Amino acid sequence: ETGVTQTPRHLVMGMTNKKSLKCEQHLGHNAMYWYKQSAKKPLELMFVYNFKEQTENNSVPSRFSPECPNSSHLFLHLHTLQPEDSALYLCASSQEELGKTSGVRAEYTQYFGPGTRLTVL
Amino acid sequence: GESVGLHLPTLSVQEGDNSIINCAYSNSASDYFIWYKQESGKGPQFIIDIRSNMDKRQGQRVTVLLNKTVKHLSLQIAATQPGDSAVYFCAEKAENYGQNFVFGPGTRLSVLP
């Protein structure tokens, strides 16, 4: 176990459905990430949250909507997806620097959850 | 570049032999590297990391070598076991990437009995 959990593990949805993926990290980290892993591409970063604030959005379509209510939880809301969105969606967390004077060591290593296997029909 | 799935590079080794998995990275400014292992149905699992001020780092049965001159990273697994069968990814990080890691396409390691 990596300390990062994701639910559900498998999800099948139609193109008109609305669903949400959930991620929870138990590592005390301050940054969380959503990645997409499809059959023919390397891992693609979708969103980054630092201290609950979204800091990066890698040109992800608006049918994917992230939410980070606190530093331990991350959601990915899905709406009117396309079949090409079928993939493994991975959540990760890491400890990033709080500031040069904070004394908190940044680990940088991202710890991944098991992923949600999404199939869009 | 190569992609995963149908075009994923595969390395087959006999159980007990040593494995060497290679990775070429693109950004000469990258200063931190990680090797991940991903088993079927699971997320990537951290194996070992190395910073650019080092050339070699050893873990339990694994060694990572970094050659900054040719931008090459390798993972050596000693006495490969059936449980080592998985896809192995390298990931690089640079100051100008922010928190982005750039992941390689992965290599599938198959351990033969």
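Here's a quick rundown of the structure.

Conventions used here
- Residues numbered from 1 in each chain as written.
- Chains lettered and ligands numbered in written order.
- Predicted model: local features only at pLDDT ≥ 70, side-chain atom pairs only at ≥ 80, totals over all residues.
- Heavy atoms only, no water.
- Pairing = 2+ DSSP bridges.
- Helix = DSSP H or I, 4+ residues; strand = E, 2+ residues; numbered from the N terminus.
- Axes fitted to C-alpha atoms, helices over the stretch in contact; angles between N-to-C directions.
- Buried < 20%, exposed > 50% of the residue type's maximum accessible area, 1.4 Å probe, protein only.
- Disulfide = S-S within 2.5 Å.

Details of the sheet that holds strand 7 (residues 64–70) of chain A
Within a sheet, neighbouring strands are paired by backbone hydrogen bonds and run either parallel or antiparallel to one another. All names here are of chain A. Spatially, the 4 strands line up as an open sheet ordered 1-3-8-7, and their pairing is antiparallel. Across the chains shown, the open sheet's two edge strands, defined by having one partner strand only, are strand 1 (4–7) and strand 7. On average, each strand axis in the sheet is inclined to that of its neighbour by 20 degrees, with strand direction left out of account.

Description of the pairing of strand 8 (residues 86–94) of chain B
All names here are of chain B. Most of strand 8 is tucked away, with 9 of its 9 residues classed as buried. Burial along strand 8 is two-sided: the face carrying Ala 86, Tyr 88, Cys 90, Glu 92 and Ala 94 and the face carrying Val 87, Phe 89, Ala 91 and Lys 93 are both buried. Here strand 3 (residues 30–38) pairs with strand 8 via 8 bridges, running antiparallel. Bridged to Trp 35 within strand 8 is Cys 90. Note that strand 8 and strand 10 (residues 107–112) share 3 bridges and pair antiparallel. Bridged to Ala 86 within strand 10 is Leu 109.

Description of the state of the cysteines
All names here are of chain A. In total, this model carries 2 disulfides over all chains according to the counting rule given. Across the disulfide from Cys 23 sits Cys 91; the S-S distance is 1.9 Å. Disulfide Cys 23 to Cys 91: torsion about the S-S bond roughly -75 degrees, handedness left-handed. One end of the pair, Cys 23, is in strand 3 (residues 18–25); the other, Cys 91, is in strand 9 (residues 87–94), and 68 residues separate them in sequence. Judged by its relative accessible area of 0%, Cys 23 is buried.

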